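Here are the chains, one letter per residue:
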Amino acid sequence: MVVDHILTVPQGTFTLERAHHDPGEPLRAWDAADELALAHLAEVGAAGDRWLVVDDAHGALATALGIHHPTSWADSVVTMAATRANLERNGLDPSTVTFVPSTADPAGPVDVVVVKVPRTLAVLEDELHRLRPLLHAGSIVVGAGMTKAVHRSTIAAFEAAIGPTPTSRARKKARLLLASVDPALEPGPGPAPLRWATPEGVSVTGLPGVFSASGMDPGTRLLLAHLPDPEPGAVVVDLGCGTGVVAATVAHRHPDVALVCCDDSFRAVAAARQTVGAVASDATFHVTDVLDGVADESADVVLCNPPFHAGGARTTSVAYRMFAGAQRVLRPGGTLTVVANRHLGHHVALRRWFDDVTVVGSDPRFVVLRGRRR
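Given the structure is predicted, the values throughout are model-derived calculations rather than measurements. (Residues numbered from 1 in each chain as written. Predicted model: local features only at pLDDT ≥ 70, side-chain atom pairs only at ≥ 80, totals over all residues. Heavy atoms only, no water.)

(A) Up close: the overall build of the protein chain. A count of helical and extended segments in the protein chain gives 10 helices and 19 strands. For the protein chain, whose C-alpha radius of gyration is 22 Å, the value lies close to the compact-globule estimate of 21 Å for 374 residues. Overall, the protein chain is about 60 × 45 × 40 Å in size when its C-alpha atoms are taken along their principal axes. Contacts in the protein chain between residues far apart in sequence, at least 24 positions, make up 68% of those at least 6 positions apart. If you sum the accessible surface of the protein chain, you get close to 16,100 Å²; carbon and sulfur atoms cover 52% of it. In the protein chain, 33 side chains carry a positive charge and 39 a negative one; their mean positions are 6 Å apart. (Helix = DSSP H or I, 4+ residues; strand = E, 2+ residues; numbered from the N terminus. Rg over C-alpha atoms; globule rule 2.2 N^0.38 Å. Contact = heavy atoms within 4.5 Å. Areas by Shrake-Rupley, 256 points an atom, 1.4 Å probe, with all protein chains shown as cover. Lys, Arg positive; Asp, Glu negative; His and termini not counted. Charge placed at Lys NZ, Arg CZ, Asp CG, Glu CD.)

(B) Broad picture of the pattern of salt bridges. Tallied over the full model, the rule gives 14 salt bridges. As a salt-bridge pair, arginine 267 and glutamate 127 come within 3.4 Å of each other at their nearest N and O atoms. With arginine 267 in helix α8 (residues 266-277) and glutamate 127 in helix α4 (residues 121-131), the pair connects residues that are 140 residues apart, well separated along the chain. Relative accessible area serves as the criterion here: at 6%, arginine 267 is assigned to the buried category. The closest approach of N and O atoms between arginine 373 and glutamate 297, which form a salt bridge, is 3.2 Å. Of this pair, arginine 373 sits in strand β19 (residues 366-373) while glutamate 297 sits in the loop between β13 (283-287) and β14 (299-304), and the two are 76 residues apart along the sequence. Of the residues examined, glutamate 297 reaches a relative accessible area of 41% and is grouped as partly exposed. Each of Asp31, Asp34 and Lys116 takes part in one network of salt bridges that share partners. (Salt bridge = Lys/Arg side-chain N within 4 Å of Asp/Glu carboxyl O. Buried < 20%, exposed > 50% of the residue type's maximum accessible area, 1.4 Å probe, protein only.)

(C) The arrangement of the sheet that holds strand β12 (residues 258-263) in detail. With mixed pairing, seven strands are arranged side by side in an open sheet as β13-β12-β11-β14-β17-β19-β18. Of all the strands in the sheet, the pair left with one neighbour each is β13 and β18 (354-362). Recorded for the sheet is a direction-independent mean angle of 15° between the axes of neighbouring strands. Relative to β19, β18 runs antiparallel, the two sharing six bridges. Directly across from valine 359, in β19, lies its bridge partner leucine 369. Those strands touched by α8 are β12 and β13, and its axis lies near 170° from that of β13. In this fold helix α9 (residues 317-329) packs onto β11 (235-239), β14, β17 (330-341), β18 and β19, with an angle of close to 155° to the strand it touches most, β17. (Pairing = 2+ DSSP bridges. Axes fitted to C-alpha atoms, helices over the stretch in contact; angles between N-to-C directions.)

(D) Representation of the side chain of aspartate 34 in the model. With respect to the helices and strands, aspartate 34 occurs in helix α1 (residues 32-44). Apart from the residues lying within four places of it in its own chain, the contact partners of aspartate 34 are Ala60, Leu61 and Lys116.

(E) Quick look at the packing of aromatic side chains. Evaluated as defined, the whole model comprises three aromatic pairs. The interplanar angle of 40° and the centroid separation of 6.1 Å between the aromatic rings of tyrosine 320 and phenylalanine 323 together place this pair among those described as tilted. Highlighted residues: tyrosine 320 and phenylalanine 323, both in helix α9, separated by three residues, approximately one helical turn. On the basis of relative accessibility, which here comes to 24%, the residue tyrosine 320 falls in the partly exposed class. Look at phenylalanine 323 and tryptophan 353: their rings are 6.1 Å apart centre to centre, the planes differ by 65°, and that puts the pair in the edge-to-face class. Taken as a pair, phenylalanine 323 in helix α9 and tryptophan 353 in the loop between α10 (346-350) and β18 lie far apart in primary sequence, 30 residues in all. The exposure classification of phenylalanine 323 matches that of tryptophan 353, with both residues buried. Feature note: the residues Tyr320, Phe323 and Trp353 constitute an aromatic cluster, connected by ring pairs. Seen from the ring of phenylalanine 99, arginine 84 lies directly overhead, with NZ or CZ sitting 4.3 Å from the centre. (Phe/Tyr/Trp six-rings, centres within 6.5 Å; stacked < 30°, edge-to-face > 60°. Lys NZ or Arg CZ within 6 Å of the ring centre and 35° of its normal.)

(F) Up close: unusual backbone geometry. With omega at -5°, the peptide bond leading from glycine 108 into proline 109 counts as cis. Relative to the helices and strands, proline 109 resides in the loop between β5 (98-101) and β6 (110-116). In the Ramachandran plot, lysine 173 falls in the positive-phi region, its phi being about 65° despite a non-glycine side chain. Tracing the backbone shows lysine 173 in the loop between α5 (152-161) and β8 (174-179). Phi is positive for valine 290, close to 55°, though the residue is something other than glycine. For valine 290, a relative accessible area of 12% puts it in the buried group.

Encoded structure:
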């Protein structure tokens, strides 16, 4: 299938690609909700000095609105890299956009904001509560999402934090939420961090949107039951660390190892700092795309629970980049241990990078695989 890379909207025509575009996966860098939001902003003649786009996954909104020098408020370094690449692809200076990580707050006041509806309600509630103080009575607030992501709870979140929020008619399975700022509204506190403990007594901090923020997922539970026993002084990498529960469990069992926690999510690494920092005496943290910035042949063990979705799309490309990155950073003889859904067949893919790929644990849904670096 040929992927359409050309977005034509009232703001112009733009060539857009996802980060790490895989020709075998027909995934565009925008969706119908982006198109609908951009058409609406042009129709109403939105204007102002300070524009903000939130959760703009691949930079389609920031690129199309580049003339307004928007701020992009995002949780992923991959989002930021994709946005910079798309700006350059369309002849725009990346400095056109100001990038603010999800763990910081954008500068206000904000005149126009487009919020792409995230998959997790807690993320939306957190973003809207933090956005509210940046708005004024005349701010234009547009929520944009595919209809499958816009529920009554989505509308309720906008109305609780911003004000009255009618919705547009659905078009191409997308819908807009058109919120009006109610100056008299008192939203109250946003979502608080979640805290829970593993059966071994490791305390875990979860933040909105971080995988398994509220409790142990079954895949991680199986992985923890089949962790390797690293040698004293070994360097252990928790790749895609999320809350840091895997690294913290390793530190709990083996306090004499060095830990490296990596995730492309700012929220995840912030959660891992709290979770792992309370247990480990030697830990470093990287907000990075897979293992960028981690030195070649610097680790003895890599542990990973790779995703098989990017946004709402199913994909194996992220997992495969994790496997290749793990092979690069492991010392000869080092091991990668992976937990994954059985149906993904990762045992076949792992043999492209690792020797002695074996099943070390399984249940009806998941399998734990281990391979040794060639």
